[in-house]
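Structural characterization, general
Here is how the chains run, residue by residue.
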Amino acid sequence: MTFLFTDIEGSTRLELELGTARYSAVRERHRELLRAAFAAHDGEERSTEGDSFFVLFDTARSAIRAAIDGQRALAAEPWPDGVTVKVRMGVHSGEALLEFGDVAGYDVNRAARIAATAWGGQIVVSDAVRALADGAGEAFQLRGLGEHRLKDLLAPERLSQVVAPGLLEQFPPLRSLDTRPNNLPTQLTSFVGRHDELEEALRLLRGTRLLTLTGPGGIGKTRLSLQVAAAAADDFPDGVWFVPLEPVRERELVAPTIARVIGVTDKASRPVLDGIAEALGDGRVLFVLDNFEQAIDAAPVLPEMLARSTGLRILVSSRTALRVSGEQEFPVPGLPTPPDPSRIPELERLNLPAKLRTVSAATLEGFESAQLFVARARSVRPGFELTDGNAPAVARITARLHGMPLAIELAAARIKLLSPEQIVDRLEGHLALLTSGSRDLPERQQTLRGAIAWSYDLLDPGTRRLLNRLAVFVGGCELDLADRVCGPASELGVDVLDGVGTLIDQSLLRVSEADDAQRYLMFDAIREYASEMLTTSGECDDIEERRSRAFLDLAEEAAPQLRGADQRRWLDRLEREHDNLRATLMWAVSRPDPEVGVRVAFALWRFWQQRGYLNEARTRLDEMRGQDWDLSPVLRARLAEARGGVAYWQADQATAEACYTEALALWREIGDGREIANALYNRAYAEAAWIMGGASGAGDAPGAWTMLEEALQIYRDLGDVEGEANILWAMGSFAFFANRMADAEGTYREALALHRAGKNRTMEAWSLHMLALALVSQKRAQEAKMAAREALAFFKEAGDVAGITLVLDDLSGVAIFDEDLPRAGRMWGAARHLQEITGADLAAFNETGFGSLGYPTARQVLSPEDLERYAAEGAAMSLDEAVAYAFETFQTPAEPEPTGLP
């Protein structure tokens, strides 16, 4: 059938303007006009609530024609008091369920959500309607509006607008999730039922600033919280941000995790809560914090966030209430369940409607738990139908599972192999067995554990062992690591790939698409159960050690790639595995295993720096430093270097210098020439930081230069071209900030040639960036553009926001010499904005350096009023817009060819 939903746009405002009596008259006239249009095209009115209609049509064309006639009638009506009545309409075709005379189902809900995207006077239709109605000879056209995510969080829907004579054509963008900043994850399955809970949670959220959905694992807290957030998105125009906290165990990581989701990078000079408050301002924002029970000790942070940001609201899901001021708790119940057929004699004594005293397919269609069972059963067996014959068994399943969504989904997954009656027989034995042995658990939790245990016991031994071992992964894993940690097949009893497929079929694993591979995830309740089984099996220590060794190898494989052509791919891979790497570091400290801990931390420190985890990195490295570990000289040197690198990027030069001094002494003691040269490079930078960027302390630039000369000679003796190129780059920077620009240019060109030969794209881009500065300083703007263009192309390809920020600042200087002061101001503003939101403080470094050398900057050449105006225009650009604007400077396509600079 085809479903048409309508409602008056701004009805509340109209009623306030007109008063209740006059508005009622307007609303009744609107109903008369629309009913006439619906009747003319054989529409069947199913419900009218307030100012809305829900109407059924046999065909998509008749629904569209009725909508067009209705809009024309509304537009032609001489409304009183200068009123304009605008109605939004949505049309969708699909299947419907008849429940006790009511029409319901997924497609009906989809139609209502499509209508909610429209503006007053607009008719929006689904792709299903377009396929049925978009034919030649019609008096209307369907104009494509692209794909849009609706508030049911499923995959995007392709929508179109009806265009016909007499209808408005120009409207703002649709009111879909895509028009609100958000990161709400797309769901693979529809949101079934929960209408009352959704409405109540929305009501509570509008009346409080901290709402906590509580209940046991598997009750559906996460799915409900996501749906509440989607439904409330219009109330939060400045952002709805989902923050999964399941992998977070330390309270200190809760605020940084939230900060990263909203784009605030760690800064040593600024507390994390200050950064969050600055980013939010007075904006109307919703945080959705999932699985907060993992870090419940961090709960007091939330009221502090709310106090700092007046437009912020927080929606939490947790197994327990947070017990902090201002919290409103909402216990999430199980889905309503039908009567258990075994209790029908008891029901007969109750004064219930006859339809509730029998168990049939029609009875079950009215219960959300049964709807969920049927929907999930059809996902594994498309031909499954609810009949009067199997309805009693389905009723018993959902009743015995207390309406717990995860338990119902696990049971429904068995429909591929078993009938509902067979599921009942097997399920009830496991529930009774488990309940009798777990009296200390709440009944719902016993039920869920029983459902998991039943699904677990139906697996063959090898697949059970695989599930146990997969539980050591935090935040999921990809197949290669599952193979290494859980296999081999001869030991496991099943091939890992085959076993993973079985676990997915049984709903014990979920699949998430990564950039270039599938990722396998577990629901928290299942992982908890499997972890218990792994501990019971006696394999836990061995499998955790395998996991830690595997992630050590991954980290060390990734480390050298973070500066090459595949930089972005490897950074993204480490980001996906960060929770597993954290688990490895915690394991190494608790076991303890100093070698794994230090080697992983050393391999990761550059990732932590590039992706903005500097505060976390400092905490973990300082924790290792404080352990009573008998480290080898090599591991002591590695730990010192990692701590020094993190401290340097945090502008803690005293700690950086102390760490690099320690590392240099250790490497001299060890006698490794290549490592000595690298330590000299690090130590020289810390020694001469004052000349490089204005850090406090006297420094010793001549001593630093001597260190670089020693390192350069070592690298040349070793034939290490990459090391030699790095030292030359550093020497060029010393010359630059000593205002010896010709020397700086020559040294940068020498370093650039070596980096190109060695295919070190990261350092190639940095060399081009600094060469551009040296050329600008010599007023050779055209040559500077050529170098900056290549640098920007490299940084853009790698997704290196810090590098992009630097080049935008370069181009601000270029624009000054081009006498294009508005562009100089915009580039300056864009760079400062990126600096603020990413923590890439190097843009300010450039400005300080230019100022100290006596060259004009945007701040110096523009009046305060002009700088404020142009900088605001630059700051308003998105990253992509700023990059595109920067490429306009070169008057070349956005993907330039290499310039051939030597």
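Please refer to the structure placed before this passage.
Residues numbered from 1 in each chain as written. Predicted model: local features only at pLDDT ≥ 70, side-chain atom pairs only at ≥ 80, totals over all residues. Heavy atoms only, no water.

The next subject is the sheet that holds strand S17 (residues 518–521). Spatially, the three strands line up as an open sheet ordered S15-S17-S16, and their pairing is antiparallel. Edge positions in the sheet fall to strand S15 (477–478) and strand S16 (510–513), since each has one partner strand and no second. (Pairing = 2+ DSSP bridges. Helix = DSSP H or I, 4+ residues; strand = E, 2+ residues; numbered from the N terminus.)

With that settled, consider the side chain of Glu293. Among the structural elements, Glu293 can be located in the loop between strand S12 (285–290) and helix H10 (301–308). Separated by 3.1 Å, the side chain of Glu293 and the backbone nitrogen of Arg319 make a polar contact. Beyond its immediate stretch of four places on either side in the chain, Glu293 contacts Ser317, Ser318, Arg319 and Asp524. (Polar contact = N/O pair within 3.5 Å; in protein donor to acceptor, adjacent residues only side chain to side chain. Contact = heavy atoms within 4.5 Å.)

This brings us to unusual backbone geometry. Looking along the chain, the bond that leaves Gly487 and enters Pro488 is cis, with omega of 5°. Here Pro488 shows up in the loop between helix H19 (479–486) and helix H20 (489–492). The omega angle of the peptide bond from Arg591 to Pro592 is -10°, so this bond is cis rather than trans. With respect to the helices, strands and loops of the structure, Pro592 is situated in the loop between helix H25 (578–590) and helix H26 (594–610). We note that Lys759 has phi near 60°; this positive angle belongs to a residue other than glycine. With respect to the secondary-structure elements, Lys759 resides in the loop between helix H34 (741–758) and helix H35 (761–777).

Strands sit in the order S2-S3-S1-S4-S7-S9-S8 across an open sheet of seven strands; the sheet is mixed. The open sheet is flanked by strand S2 (44–49) and strand S8 (141–148), the only strands paired with a single partner. With direction set aside, neighbouring strand axes in the sheet form an average angle of 20°. As defined by bridge partners, strand S7 (residues 123–126) adjoins strand S9 (residues 157–163) across three bridges and the pair is classed as antiparallel. Across the sheet, residue Ser126 finds its bridge partner in S9, namely Leu159. Across the face of the sheet, helix H2 (residues 20–40) comes into contact with strand S1 (2–8), S2, strand S3 (52–57) and strand S4 (87–93) while running at roughly 5° to S3. (Axes fitted to C-alpha atoms, helices over the stretch in contact; angles between N-to-C directions.)

None of this, on its own, says anything about what the molecule does.
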